[in-house]
Amino acid sequence: MFRWGILSTAKIGRDHVIPQLQDSENGVVTAIASRDHARARAVADRFGVPLAFASYEELLASDQVDGIYIPLPTSQHIEWAIKAAQAGKHVLCEKPISLHAGEIAPLIAARDANNVLVSEAFMVTYHPQWHKVRALIAEGAIGRLRHVQGAFSYYNTDPSNMRNDASLGGGGLPDIGVYPTVTTRFSTGKEPLRVQSTVEMDPDFGTDRYASVKAEFDGFEMSFYCSTQMAARQLMVFHGDEGYIEVTCPFNSGDYGHPTVILDSRGHDQATTFRFGGVRQYRLQAEAFARKANGGSDEVFALEDSVRNQKFIDAVYRAAKHDGWETV
């Protein structure tokens, strides 16, 4: 069994990831660390985890841990991912793994120097709905892809929430803008060439609360918006000359509805719905990661792919500072 250690007691870990790590067929959580030992012990007891550490360093030194899951604030991802790799641990780190593409190079170096697996936790790339979308596009089910449209929004104005704290890496693009970008790249196998964007900053938080983006790929265009202060919505549409694919719950399946992929014909006279009930994408991610870390051949989100996705987001921020196109 692959033995997981959790670096912090963050909400995403408690509510989503730890339960599915515990339920995975090839892994178990053996340790949780927090700078508050009582908090670490409480979360460990909640999930039946034997070890609770009062510091991240103690967990990294433990011989009862094979790999680390990092749900820390974004601003701390690179630092602790490097430390975990240097401790000889495999690393699954929450997205975004960095706030700038250039910061990922030292982590790649640490990964290679210590012969460990390091991956950004884009759980969507393990969900079968996205493998279906990729297959449909590849087999020509919608003909020539012309346009991709995306949306991801929620409403959160809590000043104590890390997503509204610029010093911790908060903001809409780092938190949710990365999903339309990564799923488009995953599904098409293509990279953006240039972008235009509008980014609106919150005057109190100093974080981006709304972004509207247009991107040009080889052969098709993409447009998406994301917001941390709009009614909750998720949608991805891949529109071709022979039909279109609509992903109704593309990112947080369950929270935003039932995940389905709808393939509709050009004349609206035929539609096929693919349903994906009961899928636990965090579990699938954990199982694939553990198999890969143990020498398997699973497709795992690579750091080189993280660099490419972050370059997309970096270009969006640059484009917002002027009219016209920005090269990715």
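Just so we're clear, the structure is a prediction, and the values are computed from it rather than from any experiment. (Residues numbered from 1 in each chain as written. Predicted model: local features only at pLDDT ≥ 70, side-chain atom pairs only at ≥ 80, totals over all residues. Heavy atoms only, no water.)

A.B. asks: It is not clear to me how the sheet that holds strand β8 (residues 192-201) should be interpreted in this structure. Could you clarify?
C.D. replies: Judged by pairing direction, the sheet is mixed, and its nine strands sit side by side in the order β14-β13-β12-β11-β7-β10-β9-β8-β15 without closing on themselves. Pairing within the sheet leaves two strands with one partner each, and these edge strands are β14 (271-275) and β15 (326-327). By the bridge criterion, two bridges tie β8 to β15 in an arrangement that is antiparallel. Paired with Val-195 across the two strands is Glu-326, which belongs to β15. In this fold helix α7 (residues 172-188) packs onto β7 (145-155), β8, β9 (208-217), β10 (221-227) and β11 (229-240), with an angle of close to 155° to the strand it touches most, β10. Packed on one face of the sheet, helix α9 (residues 303-319) meets β8, β9, β10 and β15 and runs near 55° to β8. (Pairing = 2+ DSSP bridges. Helix = DSSP H or I, 4+ residues; strand = E, 2+ residues; numbered from the N terminus. Contact = heavy atoms within 4.5 Å. Axes fitted to C-alpha atoms, helices over the stretch in contact; angles between N-to-C directions.)

A.B. asks: What should I look at first to understand the sheet that holds strand β5 (residues 90-93) in this one?
C.D. replies: The strands making up a sheet associate through backbone hydrogen bonding, with each pair oriented either parallel or antiparallel. The parallel open sheet is built from six strands, whose spatial order is β3-β2-β1-β4-β5-β6. Each edge of the open sheet is held by one strand with a lone partner, namely β3 (51-53) and β6 (118-120). Going across the sheet, the axis of each strand differs from the next one's by a mean of 25°, ignoring polarity. Of the strand pairs in this sheet, strand β1 (residues 2-7) and strand β4 (residues 67-70) are connected by three bridges, and their pairing is parallel.

A.B. asks: Looking at this structure, I do not really get the packing of aromatic side chains. What am I missing?
C.D. replies: For any pair of aromatic rings, geometry is given as the distance between the ring centres together with the angle between the planes. Tallied over the full model, the rule gives 12 aromatic pairs. Taking 5.3 Å as the distance between ring centres and 35° as the angle between the ring planes, the aromatic pair formed by Trp-4 and Phe-289 counts as tilted. Taken together, the residues span a long stretch of sequence, with Trp-4 in strand β1 and Phe-289 in helix α8 (residues 281-293) at a distance of 285 residues. Looking at Trp-4, the relative accessible area reads 0%, which means it is buried. Geometrically, the ring pair formed by Phe-152 and Tyr-179 is tilted, given 5.7 Å between the ring centres and 50° between the ring planes. Pair noted here: Phe-152 is in strand β7 and Tyr-179 is in helix α7, with a separation of 27 residues, a long-range link. Take Phe-152 and Tyr-179: they sit in the same class, and that class is buried. Pairwise contacts between aromatic rings join Phe-122, Phe-152, Tyr-179, Phe-251 and Phe-301 into one cluster. Cation over ring: Lys-83 sits above Trp-80, and NZ or CZ is 4.1 Å from the ring centre. Between the NZ or CZ atom of Arg-134 and the centre of the ring of Phe-186, over which it lies, the distance is 4.1 Å. (Phe/Tyr/Trp six-rings, centres within 6.5 Å; stacked < 30°, edge-to-face > 60°. Buried < 20%, exposed > 50% of the residue type's maximum accessible area, 1.4 Å probe, protein only. Lys NZ or Arg CZ within 6 Å of the ring centre and 35° of its normal.)

A.B. asks: Help me understand the nonpolar core, please; the structure alone is not making it clear to me.
C.D. replies: As a rule of thumb, soluble globular proteins bury nonpolar side chains together. Within the largest apolar cluster, 68 residues are counted, with the highest numbers of intra-cluster contacts made by Trp-4, Trp-130, Phe-238 and Ile-245. Among the nonpolar cores identified, the runner-up in size contains 29 residues, and Ile-68, Val-91, Val-116 and Val-307 belong to it. (Core = buried A, V, L, I, M, F, W, Y, C linked by side-chain atoms within 4.5 Å.)

A.B. asks: What is the right way to look at the environment of Glu-287 in this model?
C.D. replies: Relative to the helices and strands, Glu-287 resides in helix α8. As for Glu-287 and Ser-24, which are separated by 263 residues in sequence, their C-alpha atoms are 6.2 Å apart. If sequence neighbours within four positions are ignored, Glu-287 has contacts with Ser-24, Glu-25 and Asn-26. In this structure the side chain of Glu-287 is engaged in a polar contact, spanning 2.7 Å, whose partner is the side chain of Arg-283. (Polar contact = N/O pair within 3.5 Å; in protein donor to acceptor, adjacent residues only side chain to side chain.)

Nothing here speaks to function; it is geometry throughout.
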